[in-house]
Structure formats: structure tokens, C-alpha cells
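One letter stands for each residue in the lines below.
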Amino acid sequence: MSNGVAESETTGTVQSVDRALSILENLARHGEAGVTDLARDLGVHKSTAFRLVATLETHGLVEQTEDRGKYRLGVGLLRLAGATTARLDVVQEARPVCRKLAADTGETVNIAVLADRAALYLDQVAGSSALQPHNWVGQHIPLHATANGKVLMSGLGADELDDLLGSLQAYTDMTITKKGQLRAEVDGVRRDGYAVAVDELEVGLTAVAAPIRNAHGDVIASMSVSGPTFRLHDEAVASATELLVEAATEVSHRLGWGHR
């Protein structure tokens, strides 16, 4: 094989890797996209984009959404990110339960874990009422401004919580920015078994979250139902909370917590 042929093959391989990484970055940026959109973004033929996406899907790095023909980041990225087996177990055990909860509530359901002093969103299922929901998967979201974050903080001891809390940035007028108020809110989550955030991260966004526990009873993840505030009014939140707590408890049982 001549040097020219070898260099040509190497160049082609590097170009394919570069394009594959561009696809992952695109999905991380936009949440989901179809092959046509990805091809246009890369400046390649649709068949080339499809081959790249198919390869990424084989390795679990991307997956098709419920809206077939569109793709989003896959849970295989968690393995590359050094995710523990426990996190992968949570996603696998929670997914069918999340799908049912999303169908029952019509709203978006998310799974999040504590990572890098933030809530890392691992999985998402959109309900029938969620029109083009924002894809939170793979994103780090502030703990103090989200229902998932409050649930994750409820699993920490007082010293751990103190170490975790830095300055509390205001995202809206409703964001909790005083540590004493936040601690009281976290105490309420421990007492009630769920957390609510109304317009705290984004104006017009309401979420309720409940803990997922491992066999030892530790809070290892959070499950949430979220949607527009106008739709998740008090009565709807109460109804969603009841279904959510049951769903999170079901996942906890699947992970070995408690007894049926």
C-alpha cells in the first residue's frame, strides 16, 4: 500500500470521526434532530449522515425518539462519561415506569442524579401534552432552582449540604436565593416525600419531583413531572404528585428498596 493511499484512508477516517462528533454536539445543542437536519448541518449527503447516525446508534451513543426518524443522545454516553453501573440501572429500571407516568400525566418525565454540584439529567420521556419539549438529557441543572435538585439535596446530611451550597443564583424572581429558606425547603421535601418548583428556573415552568432510593434507602436519583405552569395548576400538580410518588416508589422497589 502506498503512502498516498494510506494517507487518504487516514484522512477519510479522521473526517468520519469529526463528523460523528459534530452529530453528537448538534444533538447536545438542540436536543433532537432528524437525519435530513443533521446532513444539512454537516454539509453532507443524507445517506452519509444516516450511516454515521446508524453507527452511533449501534454503540448506544444516539437513540431514536418516540417520534421515529428523529434522534437524541443515548445512554451509551453515560458509560463514556464514567457513569456508575448504579446510574445505568436507574435508567433501565425507570424507563418503562417513566413511559407510563408520561402517558398518565401527559407531561414530560425526567430522571436526574447528583453530579458536579448540580442535577445531571439522565433520561427523559415526553407526554402527549408536551409539544417539542426541551431535551434536558446530559445537561447539568442548578440544584436550588429545580424540584429534582431539592429532592437530590434531601438525601444529603447537613454537612454535605453546607459544603454543596455556594452562592445561589437567581434565575427568576421566584428562585430561592437564601440558604436558610432553601434548607427549610429541603427539610420539607424530607417530610413530605416530594418537591415542587414553580417558575423558579424558568418563568412558566412548573415541576414536581420525588426520590428514587436504592436497596439501602439512600436517595440516588430523582424523578420529575414538568410542564407549563398554566397547565400544571394546583389541582393538576396534586394529581401529578400522587402518580409521581407511586412511580418513584415503584422504581425504588425495582432497585431493591423496601418490601412489597
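Residues numbered from 1 in each chain as written. Predicted model: local features only at pLDDT ≥ 70, side-chain atom pairs only at ≥ 80, totals over all residues. Heavy atoms only, no water.

(A) Structural context of helix H6 (residues 147-154). Burial runs high along H6: eight of the eight residues are buried. Ala-147, Asn-148, Gly-149, Lys-150, Val-151, Leu-152, Met-153 and Ser-154 are the residues of H6 that are buried. Here H6 starts with a cap whose side-chain oxygen sits 3.0 Å from the backbone nitrogen of Gly-149, and that cap is Thr-146. (Buried < 20%, exposed > 50% of the residue type's maximum accessible area, 1.4 Å probe, protein only. Helix = DSSP H or I, 4+ residues; strand = E, 2+ residues; numbered from the N terminus. Polar contact = N/O pair within 3.5 Å; in protein donor to acceptor, adjacent residues only side chain to side chain.)

(B) Quick peek at the packing of H6 against helix H8 (residues 179-192). In contact at an axis separation of 9 Å, H6 and H8 are set at 75° when each is read in the N-to-C sense. As the angle between them shows, H6 and H8 are arranged roughly perpendicular. On H8, the residues touching Lys-150, Val-151, Met-153 and Ser-154 of H6 are Leu-182, Glu-185, Val-186, Val-189 and Arg-190. A class-by-class count of the residues in the contact of H6 with H8 yields five nonpolar, one polar and three charged. (Axes fitted to C-alpha atoms, helices over the stretch in contact; angles between N-to-C directions. Parallel < 35°, antiparallel > 145°, perpendicular 65-115°, else oblique. Contact = heavy atoms within 4.5 Å. Nonpolar A, V, L, I, M, F, W, Y, C, P; charged D, E, K, R; others polar.)

(C) Looking closely at the pattern of salt bridges. For the structure on display, the rule yields 14 salt bridges. Between Arg-231 and Glu-107 there is a salt bridge, and its shortest N-O distance comes to 2.7 Å. Remark: Glu-107 occurs in the loop between helix H5 (85-105) and strand S4 (108-115) and Arg-231 occurs in the loop between strand S9 (219-228) and helix H9 (234-254); sequence separation between them is 124 residues. When its relative accessible area of 26% is taken as the criterion, Arg-231 is described as partly exposed. In the salt-bridge network here, residues are joined through shared partners; they are Glu-63, Arg-72, Arg-95 and Asp-123. (Salt bridge = Lys/Arg side-chain N within 4 Å of Asp/Glu carboxyl O.)

(D) Expanded view of the side chain of Arg-95. Along the chain, Arg-95 falls in helix H5. When its relative accessible area of 17% is taken as the criterion, Arg-95 is described as buried. Apart from residues no more than four positions distant in its own chain, Arg-95 is found in contact with Glu-63, Arg-72, Val-75 and Asp-123.

(E) Here's a closer look at the sheet that holds strand S6 (residues 140-141). Here six strands make up an open sheet; going across it, the order is S6-S5-S4-S9-S8-S7 and the pairing antiparallel. Taken across any chain shown, the strands that pair with only one partner, and hence form the sheet edges, are S6 and strand S7 (195-198). Where S4 and S9 come together, five bridges link them in antiparallel fashion. Within S9, the residue paired with Ala-112 across the bridge is Ser-222. Packed onto the sheet, H9 meets S7, strand S8 (205-213) and S9 and runs at close to 25° relative to S8. (Pairing = 2+ DSSP bridges.)

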